[in-house]
Amino acid sequence: MLIESRKTSLAILLLPFLLSVFSPMVSASYTADANEEESENEKSPSETWDLNNEVSYLECEDEVDSDGVVTEVCEYVFPWGGNEILQFKEYHTYETMKTRMMVLAQENPDIFQFHEGFNGGMNARGQETSTDSYEGWYYGHSSPWLKITGDVEDGEYNEFNGDTGNYPDRPDVMIVGNHHAREWMSYQTPILVMETIAFYYGKEPTDNDGDGLTDEDPWGDADGDGQVDDDGDCLALAPKYQDSNGDGKPCNPGDFGVDEDFSEVELTNMINNREIYLIPMLNTDGNIYDREVYMPGQCPGEEAWDCSAAGWRKNLRDNTVTGVTPIPDLDESVDEGCDGVDLNRNYQFEWGAPLGATGPLIPGACYAGQNNDVYNGPVDNTDNDGDCVGAPTPECVNEDHVDGKDDDGDGLVDEDWWGGNSEPETKFIQDMTEMNDDNGDGASEFKATLTYHSYSELVLYPWGHCTNCQSPDHDQLVYHGDQMATMTDYVNMQSSDLYPTSGDFCDWHYGVHGSYCYTMEIGTAFHQRPEDVDHIAVRNNGVAFYMIKIADNPRERADLEMANIVRNQIIIEPVIPDSGDIPVEMCLDDAFAIDLDVMKSHVMYRMVKPSRQQSDYGPKEWFTEPWSMTGFSVVKEGGECQLLNDSGTGYKVVANVPIGDDQTGNLHVKSMISTLGGTQKIEYPSNSQYYELKIDYRAPFGNVFGSMMLFMTVVVFVWGGLGVCLRMMMVDDEIKEGILDAEFVEDSS
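Visitor: Tell me about the overall build of the protein, and please be specific about residues and values.
Guide: A count of helical and extended segments in the protein gives 16 helices and 24 strands. If you take every contact in the protein between residues at least 6 apart in sequence, the share linking residues at least 24 apart comes to 74%. If you sum the accessible surface of the protein, you get close to 35500 Å²; carbon and sulfur atoms cover 53% of it.

See the structure below:
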């Protein structure tokens, strides 16, 4: 019986160990079975995402068809709440858009600043302007815009523009909607960009879709596997739920579960390190006229999206019949066959060609067949460079139009233009571009610009004015266009391959100011149906943030990415030394010229000691823990290293993280590296993730003498104490025996 009892005790003691050995097998088997069952079931949206999550982006309900089949029908619900307009179920008007911009600026004064037009003054071309110079011809509204950057009330003040938050080291990016009045989605999309920034700026990593994970599905194809549904939650749905936007392509951009869980930390970093000029509705005159006058007149009683008329495209310039300024136009109403200028043909680069025939024979005049939807504005017969002696002659007027060449051979370039920038709206863009010189180098700060149009589902890049031609940055422009085409499932092409244009926004920005400029032709109609507004805006939301990200140096970023330099550079797995600083090394490509300024390239680090709550809930709880930084230096000896993907060898840089030997906990590290060419703070790992290292106590316990003293102390107190206890126990036993042997005598007193 004793042997059996010992066997039983041994089995009980070994049971936890046996369970720990076999539990992974059981768990793996269960998981496989569960996954197989899940795959067979193919989930509905409410089974995939927690729709009770406070930031959930879906609202669903069951619908039963005539055959009794139950289908879950969902729609986007944006976390900032509000009415149908704020939920992108209806279009904003000029007034509701302007009001919302002012409200968000009031609620977010640290990052938003609201403006209309400019203060004006002497512009870069020597022209005196005022606030009135930027007001629309007909309704008298200037274009509303937001200045967006961290600490927007600080920085330098720009007296001409009227904005603060100008920092020499922050790249600038311009985002413009609604050049063409009838293209209503073109201003809804930048409004969603504005709402996204306002709501998510400064937030901790958030489970945006309610799947229990954070930051796992950023905009685009983050891991380069060709799949934009990076977390696979859309692909896990039953097929009938995968094409929520009805474009015929399952789990495509704009569908539920695609690009829905971006990094709030990355968004915040971008806002803090960029200056964003957001102009949702450039053509306020034309938009108001299209909504309130033109479309109701063309289709009485019908909604714009049910009307076969195309809509009003231009601004509301009064093009007189005579074309002679002193003779007044007695008809004060808009002449719909005559008036207006196409703003996207009115910029001063290759203006008038090859579409010069669209202009009237007499500047500013209206003639049948001459003035149409792409009328590019009046000819400028001013002797802009002052080379005429006496009365102007054809030989000295318009002889050096804006094309980047010295057409008249006088040593100056583009100083006597033929036309363009004649409208309040295009003057506004011109002056915003040319009067925004934060670092005093005499050049525009905008290295990246983006304009939204509709429709065609295209990404367009320069050139637009010539066919069978390429720009000097053709390959780089194609690269970035391809990234945005992947985000949207649009077609990327050179603008002139669609059709040639002259004097358009992107040709001017790129040709005159060297800005990488893209035109997004979004959606499938001029007046998109209201039920399409939210998913088209969502589909294009990431494009703006991509442009914001590359605004520091788009050419170099493209070069680095095309050569796979960024992808193949790595943080070498850190080895924790027995004592001293913890070295964090990176292996960089020889073609990557790192900027060793500690503010430009550094390792970010923080030590955390997880509480019970942090252990349960993870990185979200660590969001408020502050980061420190330490700079890199180049490793001189033994500095050769192996890049990823067998792409060759590179050189090492190292940053020594100052962690004391007596510190314990989890060390978070990530690196940000910049180039001498101006590309700023490429993150490793990407998407605002970080590496975690467990740090144990590394401090020594003393020298030999101290160890001997500690040993003697232990001997004296522990063994001595044990001896005393044994002695007391023996004494106690003797006393006990004496008491038991004693005779008790009754007290007789």
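Visitor: Break down unusual backbone geometry for me, citing the residues and quoting the values.
Guide: Look at the link from Pro462 to Trp463: it is a cis peptide, with omega at 10 degrees. If you trace the backbone, Trp463 turns up in the loop between β12 (458–461) and α9 (474–488). Residues Tyr684 and Pro685 are joined by a peptide bond in cis, for which omega reads -10 degrees. Positionally, Pro685 belongs in the loop between β23 (682–684) and β24 (691–695). Phi is positive for Ser456, close to 155 degrees, though the residue is something other than glycine. Position of Ser456 among the secondary structure elements: in the loop between β11 (446–453) and β12. Under the relative-accessibility criterion, Ser456 is labelled partly exposed at 37%. One non-glycine residue, Ser688, lies in positive phi territory at about 60 degrees. Mapping Ser688 onto the fold places it in the loop between β23 and β24.

Visitor: Kindly report on the packing of α9 against helix α13 (residues 554–562), identifying the contributing residues and their values.
Guide: Between α9 and α13, the shortest axis-to-axis distance is 9 Å and the interhelical angle comes to 80 degrees. The orientation of α9 with respect to α13, classified from their angle, is roughly perpendicular. Facing Asp475, Gln476, Tyr479 and His480 of α9, the residues of α13 in contact are Pro554, Arg555, Arg557, Ala558, Asp559, Glu561 and Met562. Along the lines of polarity and charge, the residues of the contact of α9 with α13 split into four nonpolar, two polar and five charged.

Visitor: Tell me about empty space enclosed by the protein, residues and numbers included.
Guide: Applying the stated criterion across every chain, the model contains three cavities of 30 Å³ or more. When its volume is computed, the largest cavity comes out at roughly 330 Å³. Mapped by element, the contributors of at least two residues to the lining of the largest cavity are α4 (185–200) and α12 (533–549). The element that contributes the greatest number of residues to the lining of the largest cavity is α12, accounting for four residues. Partitioned by chemical class, the residues of the lining of the largest cavity number 13 nonpolar, seven polar and four charged. Empty space within the second largest cavity amounts to approximately 40 Å³. Looking at the second largest cavity, the residues that line it are Leu460, Tyr461, Pro462, Gly464, Ser495, Asp504, Cys506, Asp507 and Thr519. Elements with a contribution of two residues or more to the lining of the second largest cavity: β12 and α11 (505–513). Residues of the lining of the second largest cavity, tallied by class, amount to four nonpolar, three polar and two charged.

Visitor: I'd like a description of the state of the cysteines, backed by residues and values.
Guide: Note on terminology: a disulfide is the covalent bond linking the sulfur atoms of two cysteines. One pass over the full model with this rule turns up seven disulfides. Here Cys60 connects covalently by a disulfide to Cys74, the sulfurs 2.0 Å from one another. The chirality of the disulfide connecting Cys60 with Cys74 is right-handed, given an S-S dihedral of about 105 degrees. Of this pair, Cys60 sits in strand β1 (residues 58–64) while Cys74 sits in strand β2 (residues 70–76), and the two are 14 residues apart along the sequence. Residue Cys299 pairs covalently with Cys307 via a disulfide, S to S 1.5 Å. Overall, the relative accessible area of 9% leaves Cys299 in the buried class.

Visitor: Describe the sheet that holds strand β10 (residues 275–279), naming the residues involved and giving the relevant values.
Guide: Reading across the sheet, the eight strands line up as β3-β6-β10-β9-β11-β14-β12-β13 and stay open at both edges, with mixed pairing between neighbours. For this open sheet the edge positions go to β3 (112–116) and β13 (491–494), each flanked by a neighbour on one side alone. Adjacent strand axes in the sheet meet at a mean angle of 20 degrees when their direction is disregarded. In this sheet, β11 lies alongside strand β9 (residues 172–177) in parallel orientation, the contact comprising six bridges.

Visitor: Tell me what's going on with the pairing of β10, and back it up with residues and numbers.
Guide: Counting buried positions over the five residues of β10 gives five, a clear majority of the element. Neither face of β10 is open: one carries Glu275, Tyr277 and Ile279, the other Ile276 and Leu278, and all of them are buried. Relative to β10, strand β6 (residues 144–148) runs antiparallel, the two sharing three bridges. Bridge assignment links Lys147 to a residue of β10, and that residue is Tyr277.

Visitor: How would you sum up the pattern of salt bridges? Please name residues and give values.
Guide: For the structure shown, the criterion picks out 22 salt bridges. Close ionic contact of Arg345 with Asp342 constitutes a salt bridge, the shortest N to O distance being 4.0 Å. The residues Arg345 and Asp342 share a single accessibility class, namely buried. For Asp552, the salt bridge is made with Arg557, and the minimal N-O distance between the two is 2.8 Å. Overall, the relative accessible area of 2% leaves Asp552 in the buried class. One continuous salt-bridge network, built from bridges that share partners, spans Lys147, Asp163 and Glu275.

Visitor: I'd like a description of the nonpolar core, backed by residues and values.
Guide: By size, the foremost hydrophobic cluster in this structure holds 110 residues, and its most contacted members are Phe112 and Ile429. Excluding its chain neighbours within four sequence positions, the residues that come into contact with Ile429 are Met174, Val176, Ile279, Leu282, Tyr347, Phe505, Trp508 and His509. Ile565, Leu588, Ala655 and Ile673 belong to the second largest nonpolar core, which has 25 residues in total.

Visitor: Can you explain the confidence of the model for the protein? Please cite residues and give values.
Guide: Looking at the protein as a whole, its pLDDT mean stands at 86, while 85% of the residues score no less than 70. Low pLDDT, under 50, characterises residues 742–749; the stretch is placed with zero contacts to residues that sit more than four places away or in other chains.

Visitor: Outline the packing of aromatic side chains, listing residues and values.
Guide: Inspection of the entire model under this criterion finds 31 aromatic pairs. Ring centres 5.5 Å apart and planes at 70 degrees place the aromatic pair Phe78 and Phe88 in the edge-to-face group. A residue pair is termed long-range when its members are at least 10 positions apart, and Phe78 in the loop between β2 and α3 (94–107) and Phe88 in the loop between β2 and α3 qualify at ten residues. Taking relative accessible area as the criterion, Phe88 reaches 0% and is therefore assigned buried. For the pair Trp80 and Phe199, a centre-to-centre distance of 6.2 Å together with 65 degrees between the ring planes defines the contact as edge-to-face. You can see Trp80 sitting in the loop between β2 and α3 and its partner Phe199 sitting in helix α4, a full 119 residues away along the chain.

Cut-offs used in this document
- Residues numbered from 1 in each chain as written.
- Predicted model: local features only at pLDDT ≥ 70, side-chain atom pairs only at ≥ 80, totals over all residues.
- Heavy atoms only, no water.
- Helix = DSSP H or I, 4+ residues; strand = E, 2+ residues; numbered from the N terminus.
- Contact = heavy atoms within 4.5 Å.
- Areas by Shrake-Rupley, 256 points an atom, 1.4 Å probe, with all protein chains shown as cover.
- Buried < 20%, exposed > 50% of the residue type's maximum accessible area, 1.4 Å probe, protein only.
- Axes fitted to C-alpha atoms, helices over the stretch in contact; angles between N-to-C directions.
- Parallel < 35°, antiparallel > 145°, perpendicular 65-115°, else oblique.
- Nonpolar A, V, L, I, M, F, W, Y, C, P; charged D, E, K, R; others polar.
- 1 Å grid on protein atoms, 1.4 Å probe; cavity = no way out; pocket = protein on both sides within 12 Å on 5 of 7 lines; lining within 4 Å.
- Points joined across faces, edges and corners; volume = space filled by probe spheres on them.
- Disulfide = S-S within 2.5 Å.
- Pairing = 2+ DSSP bridges.
- Salt bridge = Lys/Arg side-chain N within 4 Å of Asp/Glu carboxyl O.
- Core = buried A, V, L, I, M, F, W, Y, C linked by side-chain atoms within 4.5 Å.
- pLDDT = per-residue confidence, 0-100.
- Phe/Tyr/Trp six-rings, centres within 6.5 Å; stacked < 30°, edge-to-face > 60°.

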